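Overview (structure and organization)
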Amino acid sequence: MPEDYLSKSYYQIWLAGLERLTLERQMISTDEIAAGESLHPAKPVAKRLTPDGVAAMLHRGGPTEREAKRPALFAAGDRIRAKMIHPATHTRLPRYVRGHAGIVERVLGCHVFPDSNASGDGENPQWLYTVTFEGRELWGETSDPDLQVSVDAWEPYLERA
């Protein structure tokens, strides 16, 4: 629910997401969340991440690039506008760029769309772009004239300006 999401701090949102994921995968139970500690024996796991392996695992990451099913709608140099959206669920489109015009700097390929993936609706690969916005476009004439802000934005967030 939006009111639940908007009432939480950044870290509370992350914790709620972690709780949901671990509950869905039956790694913890609701009584353990309420108690704030482990109440049941741990389930055996096939692989274990040791402290020595953390840095290597984080360095590898998880590839998110996927095969494109259609050509990209935008190219470097295209003028776009970030859509004015207010989804009730997850989005990676910063609120401060919504409704503002920018320029596509780079086409980054087709990647897992986090909005659908975070909701459990699948990867739904979408084209990803680096878009640059002028500071004055975002914050008005009193902004530093040399300020530029770049964001990575998925195609469903964008339209032609």
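Our structure's up above, just so we're on the same page.
As a starting point, this report considers the structure included with it.

Calculation notes
- Residues numbered from 1 in each chain as written.
- Predicted model: local features only at pLDDT ≥ 70, side-chain atom pairs only at ≥ 80, totals over all residues.
- Heavy atoms only, no water.
- Helix = DSSP H or I, 4+ residues; strand = E, 2+ residues; numbered from the N terminus.
- Buried < 20%, exposed > 50% of the residue type's maximum accessible area, 1.4 Å probe, protein only.
- Contact = heavy atoms within 4.5 Å.
- Pairing = 2+ DSSP bridges.
- Axes fitted to C-alpha atoms, helices over the stretch in contact; angles between N-to-C directions.
- Core = buried A, V, L, I, M, F, W, Y, C linked by side-chain atoms within 4.5 Å.
- Phe/Tyr/Trp six-rings, centres within 6.5 Å; stacked < 30°, edge-to-face > 60°.
- 1 Å grid on protein atoms, 1.4 Å probe; cavity = no way out; pocket = protein on both sides within 12 Å on 5 of 7 lines; lining within 4 Å.
- Points joined across faces, edges and corners; volume = space filled by probe spheres on them.
- Nonpolar A, V, L, I, M, F, W, Y, C, P; charged D, E, K, R; others polar.
- Expected span 1.5 Å × (residues − 1).

Next up on the list: the side chain of Gln126. Tracing the sequence through the fold places Gln126 in strand E3 (residues 126-134). With a relative accessible area of 11%, Gln126 lands in the buried category. Among residues more than four places away in sequence, those in contact with Gln126 are Arg70, Gly109, Cys110, His111, Phe113, Trp154 and Pro156.

Let us now look at the sheet that holds strand E5 (residues 158-160). Reading across from one edge, E4-E3-E2-E1-E5 is the order of the 5 strands in this open sheet, with antiparallel pairing throughout. Since the sheet does not close on itself, it has two edges, and those belong to strand E4 (148-154) and E5, each with one partner. Pairwise comparison of adjacent strand axes, ignoring direction, gives a mean angle of 40° for this sheet. Bridge count between E3 and E4: 7 bridges; the pairing is antiparallel. Along E4, the bridge assignment pairs Leu128 with Trp154.

Time to look at the nonpolar core. When a protein is soluble and globular, its nonpolar side chains tend to lie buried together. One finds Ile80, Val97, Tyr129, Val131, Phe133, Tyr157 and Leu158 to be the most contacted residues of the largest nonpolar core, which totals 20 residues. When contributions to this core are tallied by element, the ones reaching two or more residues are strand E1 (79-82), strand E2 (101-111), E3 and E4.

Taken as a whole, this structure holds 7 aromatic pairs when the rule is applied. With a centroid separation of 5.1 Å and an interplanar angle of 90°, the aromatic rings of Tyr10 and Tyr11 are classed as edge-to-face. Relative accessible area serves as the criterion here: at 66%, Tyr11 is assigned to the exposed category. Centre to centre, the rings of Phe113 and Tyr157 are 5.8 Å apart; their planes meet at 55°, and the pair counts as tilted.

Approximately 1300 Å³ is the volume found for the largest pocket. Ile13, Gly17, Arg20, His90 and Ala118 are, among the 31 residues lining the largest pocket, the residues nearest its centre. Mapped by element, the contributors of at least two residues to the lining of the largest pocket are helix H1 (2-6), helix H2 (10-24) and helix H5 (114-118). With 9 residues, the top contributor of residues to the lining of the largest pocket is H2. In this structure, the second largest pocket spans a volume of roughly 400 Å³. What lines the second largest pocket is a set of 14 residues, among which Gln26, Met27, Ile28, Ala42 and Lys43 lie closest to the centre. For the lining of the second largest pocket, the class distribution of residues is 6 nonpolar, 5 polar and 3 charged.

As paired elements, E1 and E2 share 3 bridges and run antiparallel to each other. By the bridge assignment, Arg81 is partnered in E2 with Ala101. Where E2 lies against E3, 7 bridges are found, and the strand directions are antiparallel. Bridging across to E3, His111 finds its partner in Gln126.

Turning our attention to the environment of Tyr5. By the secondary structure assignment, Tyr5 is in helix H1. In the structure, Tyr5 is positioned 35 residues away from His40 in sequence and 29 Å away in space, judged by C-alpha atoms.

For H2, with 15 residues, the first-to-last C-alpha span of 21 Å sits near the 21 Å given by 1.5 Å per residue. Looking one or two residues beyond H2, the residue adopting positive phi is Gln26, at roughly 55°.

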